[in-house]
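# Fold and geometry: a report
Here are the chains, one letter per residue:
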Amino acid sequence: MSKPLDFAGDLIRKDYRKRRKKVYVFALGVFLVWYLTALPSQLFADSTSTVLLDRKGELLGARIADDGQWRFQESDSVPYRFAACLVEFEDRNFYGHFGVSAKGLFRAFTQNISSGKRKSGGSTLTMQLVRLMRKNPPRTYSEKLLEIVLATRIELTYSKAEILRLHASHAPFGNNVVGLEAASWRYFNRPSYKLSWAESAVLAVLPNAPGLIYPGRNQATLLAKRNRLLKRLHEAGYFDKMTLNLALEELLPNKPLPLPHHAQHFLDRCIREGKKGQTIHSSLSLEVQKNAIRQLAIHSANLEEKMIFNGAVIITDVHTGELLAYVGNTNRPEAEHSSWVDCAASPRSSGSILKPLLYAACLEKGVLTPEMLLSDVPSSFGSFSPKNFSGQFEGAVPAAVALSRSLNIPMVHLLNEYGVKNFHNDLQQLGITSIRKSANHYGLSLILGGAEVRLDEITSVYLQFAQQLNDERLTGLQSDLSHSNPVFLRKRWSTTALFRTFEALQEVNRPDEDNNWKLFSSSRKIAWKTGTSFGFRDAWAIGVTPDHIVSVWIGNADGEGRPGLTGVKAAAPLMFDLFQQLPEKSPWFYEPLNDRKMIQICRQSGYPAGPNCQHKKASAVPQSAHLQTLCPYHKLIHLDPSGTFRVDSECENTFNMKNVSWFVLPSVMEKFYQLKHPDYKFLPAYRSDCQQGNEESSMAFIYPKNGATIYVPIELDGSEGRTIFELSYRRNSRRIFWHLDNQYIGETMEIHQLSFNPSKGKHQLTAVDEDGQSRTVKFRVVGKN
């Protein structure tokens with residue numbers, strides 16, 4: 001009986017051993033699966049600060065992480081000095097173990113047993129990384145065992161350099177500072193690679209007890225720890241005795257320092273664009289940015305007495321399209337002045353800043369030449385009556401001069417001819433997103449500030465124009481070194497049109513908008529334009545060279561207008577001061593020869609020369625321009641043999657006539673033109689024995705125009721004001737007789753103005769000269785203003 005029982009027992013034991021082996025194998029398999037998958041693909045998922053760096057990696061500013069910690073994104077490397085300090089202080093055998101130091105664990109165990117309390121954990125840097133990853137759970141033996149296992153797993157996955165990098169990026173450094181880079185800036189105001197041995201040693205000892213020791217508290221303990229570490233580093237041969245002595249003399253930081261805030265509005269803009277929590281490698285230049293901030297502060301201080309408190313500056317590299325400076329507002333402590341508003345990205349009334357765009361478009365389409373005379377007389381377009389800033393009129397002015405002097409009336413006439421819808425479409429194609437309403441909504445006021453534009457977008461337009469003249473790739477305005485921003489320009493403009501536009505804007509010695517001379521001296525050529533919005537709410541200045549674009553806006557963020565807030569007085573001086581600080585690398589734009597054609601124009605009128613133009617000159621126009629209207633102002637007239645009077649075939653033998661080409665402006669234009677041009681010659685009068693039926697009109701109403709609607713003004717005392725009616729007349733020495741609704745109301749001589757107060761309703765006004773020549777206009781008075 002014993003043998004069968006023994007045999008059965010053997011079978012049971014063998015079966016048990018097999019089962020146990022299977023259990024062990026299964027458990028080992030489970031452990032290996034867990035071991036291989038224990039580490040997440042990303043060890044840390046903490047929120048990070050939004051960090052803004054300049055083009056060289058210098059810190060411009062940062063925003064705290066969502067959890068209230070100053071935690072920068074993980075570094076790509078650890079500086080040599082800090083790595084040496086950290087390894088020497090925390091884990092001298094770091095490069096010799098596989099995540100766990102048996103010697104260190106045994107030493108910690110014996111110290112804890114002998115003292116009766118936990119004095120040391122024996123953790124390597126890799127084990128510390130595990131604790132950081134697991135958010136510092138309670139210290140237990142089971143937790144220590146888990147740290148040991150995960151530390152070996154980390155060593156299998158990451159190199160020693162990567163482990164150091166992760167540890168340095170996530171170690172606590174006291175207060176609410178996490179990571180080496182944040183600590184380096186918060187305690188020493190510099191990047192970690194610029195830290196000295198003493199500074200690196202301070203940061204190396206902080207993660208050991210960040211809640212107890214950090215700059216500003218327990219300074220004596222911190223100093224002792226730092227100095228012990230420095231001496232150990234010297235003994236280990238990292239530096240010589242002199243370096244040690246100098247390092248020991250360095251002072252400790254007292255408390256965390258504020259981070260730089262050199263581009264707070266740009267940083268906020270990056271966050272709005274979805275870059276929150278990222279490290280942004282911008283195209284900004286710390287040097288250029290700080291200078292722009294400083295110059296804006298200087299000019300802002302001078303404007304404070306005029307109650308002007310805000311401003312913005314953008315500086316761009318033309319060759320790359322990269323932003324070099326972006327100052328969204330002045331840095332003012334007073335909340336009521338809205339320094340938090342990013343004025344560089346806020347829509348503001350454009351003033352005259354769009355005029356060069358219209359000028360270039362008209363050149364390209366053949367609407368004008370730079371020399372062409374534009375009308376500058378009192379004008380009405382329905383209920384819209386534009387005025388020049390100076391309140392004066394030129395009569396007729398070359399288009400280039402009208403642009404450089406920013407005359408309003410000629411530009412409105414130009415827009416009326418080019419078409420509001422065409423210009424509205426051009427602006428949208430150029431990427432001006434703030435013009436959202438229809439062309440009819442803006443009307444002709446579009447060219448005088450009736451629409452709002454943003455400083456950054458108008459800068460982008462001028463940038464792409466300059467890039468075309470440089471024959472460079474169109475980049476658009478780029479805010480980072482990756483050039484990820486889109487290019488808005490949807491078509492290439494005529495380079496001849498752009499060149500001649502910038503040519504007109506080069507004039508830097510010109511009258512300002514108050515009719516006083518302002519001299520801006522500069523050693524370089526700059527094409528520049530200013531703008532002033534209605535009510536003195538916005539002052540603009542934009543300057544262009546082949547290398548840089550400087551754009552300036554000055555005003556009040558709340559839109560309050562102030563006297564003296566003009567582009568020339570408030571914005572242009574800052575723009576020129578900023579240009580003085582920028583290097584000049586390139587010569588002026590080369591005139592494009594492949595996009596131009598030469599045409600003969602009349603020297604006086606600027607129109608394509610007609611058969612009666614005696615003095616002509618060549619003018620460069622775009623290849624696309626097809627100018628069809630010949631000079632309308634040179635006319636062939638017939639004079640008597642003495643050359644004194646005009647005659648016709650009814651009173652003079654045609655063989656005795658002198659046929660002369662004469663420059664004749666319409667009477668309304670010549671009334672003002674001759675005041676600025678004393679050499680202008682009026683048409684000679686007809687000889688007394690000649691018929692005058694062929695004489696062109698020498699009489700025209702300046703105000704009102706036929707079909708006009710008039711509002712009679714109300715004076716300050718509440719009484720009804722009087723409307724001034726005005727007539728232009730070539731023969732000022734003769735009398736004009738005025739009739740309202742066929743009733744005589746007065747006469748004028750020399751200055752043909754008459755003021756009276758017509759009643760409400762429709763009226764007919766007739767002016768008659770001594771020879772019976774008359775002109776009539778109809779108008780309507782709709783009420784009192």
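Going by the structure above, here's the rest.
Residues numbered from 1 in each chain as written. Predicted model: local features only at pLDDT ≥ 70, side-chain atom pairs only at ≥ 80, totals over all residues. Heavy atoms only, no water.

Bringing the side chain of threonine 495 into the picture now. For threonine 495, the position within the fold is in helix α19 (residues 495-504). Setting aside residues no more than four positions away along its own chain, threonine 495 makes contact with Gln468, Leu469, Pro592 and Asp595. (Helix = DSSP H or I, 4+ residues; strand = E, 2+ residues; numbered from the N terminus. Contact = heavy atoms within 4.5 Å.)

The final tally for this structure, using the stated rule, is 23 aromatic pairs. Consider the rings of phenylalanine 94 and tyrosine 95, whose centres lie 5.0 Å apart with planes at 75 degrees: the pair is edge-to-face. The exposed category is assigned to tyrosine 95, whose relative accessible area is 55%. Taking the centre distance of 5.1 Å and the plane angle of 55 degrees together, the rings of phenylalanine 393 and phenylalanine 672 count as tilted. Here the residue phenylalanine 393 occupies a position in the loop between β9 (373-376) and β10 (395-398), and phenylalanine 672 occupies one in helix α21 (residues 667-676), the gap between them amounting to 279 residues. In terms of burial, phenylalanine 393 and phenylalanine 672 fall into one category: buried. Three or more aromatic residues joined by ring pairs form one cluster here, namely Tyr607, Tyr633, Phe663, Tyr673, Tyr680 and Phe682. Between the NZ or CZ atom of lysine 160 and the centre of the ring of phenylalanine 94, over which it lies, the distance is 4.5 Å. (Phe/Tyr/Trp six-rings, centres within 6.5 Å; stacked < 30°, edge-to-face > 60°. Buried < 20%, exposed > 50% of the residue type's maximum accessible area, 1.4 Å probe, protein only. Lys NZ or Arg CZ within 6 Å of the ring centre and 35° of its normal.)

Counting through the fold element by element, arginine 735 comes out in strand β24 (residues 735-740). By relative accessible area, arginine 735 is classed as partly exposed at 32%. Among the polar contacts made by the side chain of arginine 735, one reaches the side chain of glutamate 747 at a distance of 3.5 Å. (Polar contact = N/O pair within 3.5 Å; in protein donor to acceptor, adjacent residues only side chain to side chain.)

Attention now moves to the side chain of threonine 748. Topologically, threonine 748 is positioned in strand β25 (residues 743-749). Residue classification places threonine 748 among the buried residues on the basis of a relative accessible area of 7%. One polar contact links threonine 748 to tryptophan 738, side chain to side chain, over a distance of 3.0 Å. Side chain to side chain, threonine 748 and histidine 752 meet in a polar contact 2.8 Å long. With near-sequence residues (within four places) excluded, threonine 748 lies in contact with Arg734, Arg735, Ile736, Trp738, Gln753 and Leu754.

The subject of this paragraph is the sheet that holds strand β16 (residues 548-555). Pairing in this open sheet of 5 strands is antiparallel, and the strands run β7-β6-β16-β15-β14 from one edge to the other. Of all strands in the sheet, those with a lone pairing partner are β7 (323-327) and β14 (527-532), marking the two edges. Taking each pair of neighbouring strands and ignoring which way they run, the sheet shows an average axis angle of 5 degrees. Sheet analysis places strand β15 (residues 538-544) next to β16, joined by 7 bridges and oriented antiparallel. Looking across to β16, one finds that aspartate 538 is bridged to glycine 555. (Pairing = 2+ DSSP bridges. Axes fitted to C-alpha atoms, helices over the stretch in contact; angles between N-to-C directions.)

Our focus in this paragraph is unusual backbone geometry. Along the chain, tyrosine 703 connects to proline 704 via a cis peptide bond; the corresponding omega equals 5 degrees. Summarising the element assignment, proline 704 is placed in the loop between β21 (699-703) and β22 (708-712). For phenylalanine 536, which is not glycine, the phi torsion reads 55 degrees and is therefore positive. In this structure, phenylalanine 536 sits in the loop between β14 and β15. Its relative accessible area of 31% is what places phenylalanine 536 among the partly exposed residues. Positioned with a positive phi, aspartate 741 is a non-glycine residue whose angle comes to about 55 degrees. Tracing the backbone shows aspartate 741 in the loop between β24 and β25.

Our next topic: a nonpolar patch on the surface. On the surface, Leu28, Phe31 and Leu32 cluster together to form a nonpolar patch covering roughly 270 Å² of accessible area. By secondary structure assignment, the location of leucine 32 is in helix α1 (residues 2-37). (Patch = residues over 30% accessible without salt bridge, like charges linked within 9 Å, V, L, I, M, F, W, Y side chains within 5 Å. Areas by Shrake-Rupley, 256 points an atom, 1.4 Å probe, with all protein chains shown as cover. Salt bridge = Lys/Arg side-chain N within 4 Å of Asp/Glu carboxyl O.)

Moving on, we come to the packing of helix α8 (residues 197-205) against helix α9 (residues 219-235). At their nearest, the axes of α8 and α9 sit 9 Å apart, and the two run at 120 degrees to each other. Crossing handedness for the pair α8 and α9: right-handed. Where α8 abuts α9, its residues Trp197, Ala198, Ala201, Val202, Ala204 and Val205 lie against Leu222, Lys225, Arg226, Leu229, Leu230 and Leu233. In the contact of α8 with α9, the residues fall into 10 nonpolar, no polar and 2 charged. (Left-handed = near helix turned anticlockwise from the far one by under 90°. Nonpolar A, V, L, I, M, F, W, Y, C, P; charged D, E, K, R; others polar.)

Core analysis: the biggest nonpolar cluster contains 107 residues, and Leu354, Leu357, Phe423 and Phe502 have the highest contact counts within it. At 8 residues, the largest contribution of residues to this core is made by helix α18 (residues 455-469). Residues contacting phenylalanine 502, with those up to four places away along its chain left out, are Tyr462, Phe465, Ala466, Leu469, Ala527, Val544, Trp588 and Phe589. With 60 residues, the next largest nonpolar core counts Phe72, Met127, Val177 and Ala182 among its residues. (Core = buried A, V, L, I, M, F, W, Y, C linked by side-chain atoms within 4.5 Å.)

As a further point, take the state of the cysteines. Across all of its chains, the model carries 1 disulfide by this definition. Here cysteine 651 engages in a disulfide with cysteine 690; their sulfurs sit 1.7 Å apart. Linking cysteine 651 and cysteine 690, the disulfide has an S-S dihedral of approximately 85 degrees and is accordingly described as right-handed. Taken as a pair, cysteine 651 in the loop between β19 (634-639) and β20 (658-663) and cysteine 690 in the loop between α21 and β21 lie far apart in primary sequence, 39 residues in all. What makes cysteine 651 buried here is its relative accessible area of 15%. We classify cysteine 690 as buried; its relative accessible area is 7%. (Disulfide = S-S within 2.5 Å.)

Another aspect to go through is the sheet that holds β21. What the 3 strands build is an open sheet, ordered β21-β23-β26; its pairing is antiparallel. Here the strands that pair on one side only, and so sit at the sheet edges, are β21 and β26 (753-756). Across the sheet, the mean angle separating the axes of adjacent strands is 25 degrees when strand polarity is ignored. Pairing geometry for strand β23 (residues 723-729) and β26, over 4 bridges, is antiparallel. When the bridges of β26 are listed, threonine 723 appears paired with phenylalanine 756.

What follows is about the layout of surface pockets. Quantified by volume, the second largest pocket comes out at close to 670 Å³. Mapped by element, the contributors of at least two residues to the lining of the second largest pocket are β21, β22 and β23. Per-element tally for the lining of the second largest pocket: the top contributor is β22, with 4 residues. Per-class residue counts for the lining of the second largest pocket are 11 nonpolar, 8 polar and 3 charged. (1 Å grid on protein atoms, 1.4 Å probe; cavity = no way out; pocket = protein on both sides within 12 Å on 5 of 7 lines; lining within 4 Å. Points joined across faces, edges and corners; volume = space filled by probe spheres on them.)

Take the pattern of salt bridges next. One pass over the structure, following the stated rule, counts 29 salt bridges. A salt bridge links arginine 190 to glutamate 199; the nearest nitrogen and oxygen atoms lie 2.6 Å apart. Take arginine 190: its relative accessible area is 29%, and that puts it in the partly exposed class. Ionic contacts of the salt-bridge type, sharing partners, join the residues Arg269, Glu273, Arg454, Asp456 and Glu457 into one network.

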